[in-house]
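One letter stands for each residue in the lines below.
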Amino acid sequence: MGKVDNCQVGVFAAVTRDGVASVVDADLYLPEKWAKDTTRCEAVGVPEEAQTFRTKGEIALDMVIRLRREGLHFSFVAFDGGYGHLPWLLGELDVEGEIFFAEVHSDQAIYLQDPAPAVAARRSSKGRAPRRLRTTAVPMTVAAWAATQSASAWGRLSIRDGEKGEVMADYLTQRVWVWDGEAPSASRWHLLVRRELDGTKLKFGLSNAKPRASLRRLAEMQGARHFVEQSFREAKSACGMAEYQVRRWQAWHHHMALVMIATMFLAKERLAHRETAELLSCRDLIEIMRHRLPTKIVTDEDLAASIIDRHRRRHKAMESAYRKQAAMLSALD
């Protein structure tokens, strides 16, 4: 935005299947300044166990582990470059046995051969013995590697049908080593590069999928995030995800829980009617429910009564707020 403004940041998880996605978990992110202010946290109901500062990457890792432990079935985890640039997160997911596809930035460093990091041999009895891992291998960025590839190295794939035709792109893949300069050894993962057909835009990703994973499989893993992003647009437009005004921890999570229930219901209905209504959308389902479900407003008198009741409740809320303000000002005097 280019300015400081009021906002609330959440870390979300969604599941996708057969081109339909639904949000299934959410945690509110607390800036470090907030987490260290116990009085401030208690005033808005942040539970004691949540008052420890966690980065968004740490929240995401905890969320994946929690969802797996609670029995949610998923074959891999996909996330954007905001999380993909965290080498420790990729390493932790790998240790947990979770398959991931992580989009990374164009300056992500890779090695085409195992850098075999090691501590240098001590050359003198004076001073401290070397402790830091080093390598003689020279890294290169994923963008630099892609730029050196011949035109014949790219493979064109159509990964799904879209409303404006087949979704096609050119792809490159290569098994590479990734080392963050601290881990005792480098990891060998898949690098995937996606290029728009006009050659104007490149996307890069790393995956710890099995060594024999095909180019199509990697491309489909990368493309799964499209449906997740679409589910967030639908959650905001159809389920009121961004339509709230809350100031307490529990209220935010309650609102998101209701949104998740709604998005899951819509996702299940779309999948249930896929064979007879392939293009059924969230908007379609909401219009069906508005038409079929009973409503309290039928006549003009019902409409007038509804408005009068709403105004009555608004006046009551305003009077309560003014009483609280007057009491506060009286206490200050």
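Attention here is on the structure that accompanies the text. (Residues numbered from 1 in each chain as written. Predicted model: local features only at pLDDT ≥ 70, side-chain atom pairs only at ≥ 80, totals over all residues. Heavy atoms only, no water.)

**Quick look at the environment of Tyr-111**
Positionally, Tyr-111 belongs in the loop between strand E5 (109-110) and strand E6 (118-119). For the pair formed by Tyr-111 and Trp-179, sequence separation is 68 residues and the distance between their alpha carbons is 8.0 Å. Ignoring sequence-local partners within four residues, the contact set of Tyr-111 consists of Thr-135, Ala-137, Val-138, Pro-139, Val-176, Trp-177 and Trp-179. (Helix = DSSP H or I, 4+ residues; strand = E, 2+ residues; numbered from the N terminus. Contact = heavy atoms within 4.5 Å.)

**Side note on the nonpolar core**
If you look at the biggest cluster of nonpolar residues, it comprises 33 residues, and the most contacted ones within it are Phe-79, Leu-191, Val-193 and Leu-206. No other element matches helix H3 (residues 56-69), which puts six residues into this core. Here Leu-206 is in contact with Leu-90, Phe-100, Phe-101, Ala-102, Val-104, Gln-108, Val-176, Val-178, Trp-189, His-190 and Leu-191, once residues within four sequence places are set aside. Grouped together as the second largest cluster of nonpolar side chains are 20 residues, Leu-30, Val-46, Ala-235 and Met-256 included. (Core = buried A, V, L, I, M, F, W, Y, C linked by side-chain atoms within 4.5 Å. Buried < 20%, exposed > 50% of the residue type's maximum accessible area, 1.4 Å probe, protein only.)

**Topic: the pairing of strand E2 (residues 20-29)**
When you tally the buried positions in E2, you get nine out of 10 residues, the bulk of the element. Across nine bridges, strand E1 (residues 9-17) lies against E2 in antiparallel orientation. If you follow Ala-14 over to E2, its bridge partner there is Val-23. The antiparallel pairing of E1 with E2 creates a hairpin that spans two residues between the two strands, and Asp-18 there sits at a positive phi of about 50 degrees. (Pairing = 2+ DSSP bridges.)

**Quick word on empty space enclosed by the protein**
Under the counting rule described, the total for this entry stands at two cavities of 30 Å³ or more. Taken as a whole, the largest cavity encloses approximately 70 Å³ of empty space. Every residue lining the largest cavity is listed: Leu-28, Leu-30, Ala-50, Thr-52, Phe-53, Arg-54, Ile-59 and Trp-249. Approximately 40 Å³ is the volume attributed to the second largest cavity. Lining the second largest cavity are Ala-21, Ser-231, Glu-234, Ala-235, Thr-263, Leu-266, Ala-267, Arg-270 and Cys-282. Elements supplying a minimum of two residues to the lining of the second largest cavity: helix H7 (215-238) and helix H8 (249-272). When residues in the lining of the second largest cavity are grouped by element, the largest group, four residues, is from H8. A class-by-class count of the residues in the lining of the second largest cavity yields five nonpolar, two polar and two charged. (1 Å grid on protein atoms, 1.4 Å probe; cavity = no way out; pocket = protein on both sides within 12 Å on 5 of 7 lines; lining within 4 Å. Points joined across faces, edges and corners; volume = space filled by probe spheres on them. Nonpolar A, V, L, I, M, F, W, Y, C, P; charged D, E, K, R; others polar.)

**A closer look at the pattern of salt bridges**
Overall, the coordinates contain 18 salt bridges when judged by the stated rule. The shortest N-O distance in the salt bridge between Arg-68 and Glu-98 comes to 2.8 Å. You can see Arg-68 sitting in helix H3 and its partner Glu-98 sitting in the loop between helix H5 (87-95) and strand E4 (100-104), a full 30 residues away along the chain. The exposure class of Arg-68 is partly exposed, given its relative accessible area of 32%. The class for Glu-98 is buried, based on a relative accessible area of 7%. Between Arg-283 and Glu-287 there is a salt bridge, with the nearest N and O atoms lying 3.4 Å from each other. Here the residue Arg-283 and the residue Glu-287 both occupy positions in helix H9 (residues 282-292), the gap between them amounting to four residues, near one helical turn. One network of salt bridges, with partners in common, ties together Asp-25, Asp-27, Arg-54, Asp-62 and Arg-66. (Salt bridge = Lys/Arg side-chain N within 4 Å of Asp/Glu carboxyl O.)

**Quick look at H5**
Among the residues of H5, those classed as buried are Leu-89, Leu-90 and Leu-93. Projected down its long axis, H5 carries its buried residues within an arc of 100 degrees, all on one side. Against the buried residues of H5 lie H3, strand E3 (77-79), helix H4 (81-84), E4, strand E11 (187-195) and strand E12 (202-207). Looking one or two residues beyond H5, the residue adopting positive phi is Gly-97, at roughly 80 degrees. (Arc of directions from axis to C-beta.)

**A word on the sheet that holds E4**
Across the sheet, which stays open at both edges, the six strands sit in the order E3-E4-E12-E11-E10-E9 with mixed pairing between neighbours. The open sheet has two free edges, formed respectively by E3 and strand E9 (155-162), since each of these has just one partner strand. Adjacent strand axes in the sheet meet at a mean angle of 30 degrees, parallel and antiparallel pairs treated alike. Examined bridge by bridge, E9 and strand E10 (residues 165-178) share seven bridges and lie antiparallel to one another. Note on E10: the bridge partner recorded for Gly-162 is Gly-165. In the packing of H7 onto the sheet, the strands contacted are E3, E4, E9, E10, E11 and E12, and the crossing angle to E9 comes to about 40 degrees. (Axes fitted to C-alpha atoms, helices over the stretch in contact; angles between N-to-C directions.)

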